Amino acid sequence: NPPDNTNLIFDCVVGIIDPLRSDVIDAVRTAQSAGVVVRMVTGDNIATASAIARQCGILTSNGTAIEGPNFRKMTPRELDAILP
């Protein structure tokens, strides 16, 4: 028997954010100003990862975010086209 799903009341939606550490933005900026191309690899959802990368200055308006399965399927030629 499925659980009773009648007469239910939607109470609320809760969202949480794990804010960046205070030193991350400066650390990324320092590395970039020294000529380091900063990349981020994470297991987060692509939308979450993109938002975090934008916040800390890694993902720019002309940058690319790629999910792991798609990245692993890329040929060396395709990788050369997107990596510095």
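This write-up is about the structure you can find in this document. (Residues numbered from 1 in each chain as written. Predicted model: local features only at pLDDT ≥ 70, side-chain atom pairs only at ≥ 80, totals over all residues. Heavy atoms only, no water.)

**Section: the layout of surface pockets**
Then, in step 1: Size it by volume and the largest pocket reaches roughly 770 Å³.
Then, in step 2: Lining the largest pocket are 24 residues, with R39, M40, T64, A65 and I66 sitting closest to its centre.
Then, in step 3: Top contributing element to the lining of the largest pocket by residue count: helix α2 (residues 46-55), with four residues.
Then, in step 4: Of the residues in the lining of the largest pocket, the class split is 13 nonpolar, eight polar and three charged.
Then, in step 5: The calculated volume of the second largest pocket comes to roughly 220 Å³.
Then, in step 6: Lining the second largest pocket, in full, are I16, I17, D18, P19, L20, D44, T48, A51, I52 and Q55.
Then, in step 7: Of the residues assigned to the lining of the second largest pocket, the class counts are six nonpolar, two polar and two charged. (1 Å grid on protein atoms, 1.4 Å probe; cavity = no way out; pocket = protein on both sides within 12 Å on 5 of 7 lines; lining within 4 Å. Points joined across faces, edges and corners; volume = space filled by probe spheres on them. Helix = DSSP H or I, 4+ residues; strand = E, 2+ residues; numbered from the N terminus. Nonpolar A, V, L, I, M, F, W, Y, C, P; charged D, E, K, R; others polar.)

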